[in-house]
Amino acid sequence: LCRAVSPAIADCELSFIGREPIDAAKAQRQHANYVALLRQLGAEVIALPSEPDLPDSVFVEDTVLMFDDLAVLTRPGALSRRPEVAAIQQTVRQVREIVHEIQAPGTLDGGDVLRIGKQVYVGRSARSNQAAIDQLADFLRPFGYQVHAVVTRGCLHLKSAVTALDDETVLLQPRWVDRGQFADYRIIEVDDTEEHAANVLRVGDDLLMPDNFPRTRQRLLDAGYRVGTVDVSELQKAEGAVTCCSLLLA
């Protein structure tokens, strides 16, 4: 599930990076290439139209959590992003029978939620709080999921700092999250010179990552992974990456 880039993307929310000019037309072309790569990897893409009044709406992952049994509509930490949830909920209800919603005072961005099998790690970050983590744990407990709160530092979301390469391995940025919180997994660290390289999208047995982290990519290739790359430089200026531009339904 993807949404086209808003022509107003230059008005996006930013928390941990400085504002630079964003070429909306270039961002739209990059996103189209991203969607094409998802299709090449075997995904069937539901493509939603852009939302001109919602600058960050291309980052659909932040609005919904998809699980095998249910979906959870989030309540984003940035006030300007909350209308994005209303814009997507009808589509979500078409693909999941059980849909829960995070309620105030909880705030939760989907980029803070990392699922590895039945283990769900949630960043306590600038955008997500403990009240939302507690609600999520209540929603998921009947389905056998365990929810773990994870402290982050210096980054927007948990998945800025760590993503899963498979069910046994994570890619991690140790400056932004402590290794010990993922001690149950094999850990591959990003290259020291590629601060933002930990955000990698897993699609089946393939990985997709931005094309400007060649040293980290080589570490993954050396570990035996298949890794495709895509230019998302304009989306990165909006504090986005490859995981936040799609919702994987299965």
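Just above sits the structure.
About the criteria used
Residues numbered from 1 in each chain as written. Predicted model: local features only at pLDDT ≥ 70, side-chain atom pairs only at ≥ 80, totals over all residues. Heavy atoms only, no water. Disulfide = S-S within 2.5 Å. Buried < 20%, exposed > 50% of the residue type's maximum accessible area, 1.4 Å probe, protein only. 1 Å grid on protein atoms, 1.4 Å probe; cavity = no way out; pocket = protein on both sides within 12 Å on 5 of 7 lines; lining within 4 Å. Points joined across faces, edges and corners; volume = space filled by probe spheres on them. Helix = DSSP H or I, 4+ residues; strand = E, 2+ residues; numbered from the N terminus. Nonpolar A, V, L, I, M, F, W, Y, C, P; charged D, E, K, R; others polar. Phe/Tyr/Trp six-rings, centres within 6.5 Å; stacked < 30°, edge-to-face > 60°. Lys NZ or Arg CZ within 6 Å of the ring centre and 35° of its normal. Pairing = 2+ DSSP bridges. Axes fitted to C-alpha atoms, helices over the stretch in contact; angles between N-to-C directions. Contact = heavy atoms within 4.5 Å.

What exactly am I supposed to notice about the state of the cysteines here?
Covalent bonding between the sulfur atoms of two cysteines defines a disulfide. Following the criterion strictly, the structure yields 0 disulfides and no others. Just so you know, Cys-155 is unpaired, no disulfide at all, and the nearest cysteine sulfur is the one on Cys-244, 13 Å from it. No disulfide involves Cys-244; its nearest neighbouring cysteine sulfur is the one of Cys-245, lying 4.5 Å away. For Cys-244, a relative accessible area of 8% corresponds to the buried category.

Quick question: what am I supposed to make of the layout of surface pockets here?
In this approach the atoms are scanned with a rolling probe the size of a water molecule, which exposes any empty space left behind. Considering only enclosed or pocket space, the largest pocket measures out at about 920 Å³ in volume. If you go around the largest pocket, you meet 35 residues; those closest to its centre are Arg-115, Leu-201, Arg-202, Leu-248 and Ala-250. Listing elements by their share of the lining of the largest pocket, those giving two or more residues are β3 (64-66), β6 (113-116), β9 (162-166) and β12 (201-203). Of the residues forming the lining of the largest pocket, the biggest block, 4 residues, is contributed by β6. Of the residues in the lining of the largest pocket, the class split is 21 nonpolar, 6 polar and 8 charged.

Explain the packing of aromatic side chains here, please?
The relative placement of two aromatic rings is captured by the distance of their centres and the angle of their planes. Evaluated as defined, the whole model comprises 3 aromatic pairs. Their ring planes at 75 degrees and their centres at 6.0 Å tell us that Tyr-121 and Tyr-185 sit as a pair that is edge-to-face. Note that Tyr-121 is positioned in strand β7 (residues 119-124) and Tyr-185 in the loop between β10 (169-172) and β11 (186-189), a separation of 64 residues in sequence. Of the two residues, Tyr-121 and Tyr-185, neither departs from the other in class, the shared state being buried. Three or more aromatic residues joined by ring pairs make a cluster, and in this case those are Tyr-121, Phe-182 and Tyr-185. The aromatic ring of Tyr-145 is capped on one face by Lys-118, whose charged end is 4.0 Å from the ring centroid.

Can you walk me through empty space enclosed by the protein in this structure?
Scanning the entire structure with this criterion turns up 1 cavity of 30 Å³ or more. Arg-3, Glu-51, Leu-54, Ser-57, Val-60, Thr-63, Glu-84, Ala-87 and Ile-88 together form the lining of the largest cavity. Looking at which element gives the most residues to the lining of the largest cavity, the answer is helix α2 (residues 83-95), with 3 residues. Of the residues in the lining of the largest cavity, the class split is 4 nonpolar, 2 polar and 3 charged.

Could you clarify how one ought to interpret the sheet that holds β11 in this entry?
Whether parallel or antiparallel, the strands of a sheet pair through hydrogen bonds between backbone atoms. Spatially, 3 strands are ordered β9-β10-β11 in an open sheet, and the strand pairing comes out mixed. The two strands at the open ends of the sheet, each matched to only one other strand, are β9 and β11. Across the sheet, the mean angle separating the axes of adjacent strands is 30 degrees when strand polarity is ignored. The strands that helix α5 (residues 214-222) touches are β9, β10 and β11; relative to β11, the one it contacts most, it runs at about 150 degrees.

Would you take a moment to explain the side chain of Asn-199 for this structure?
In this structure, Asn-199 sits in the loop between β11 and β12. The exposure class of Asn-199 is buried, given its relative accessible area of 6%. Aside from chain neighbours lying at most four places away, what touches Asn-199 is Lys-159, Ser-160, Thr-163, Pro-210, Ala-241, Val-242 and Thr-243.

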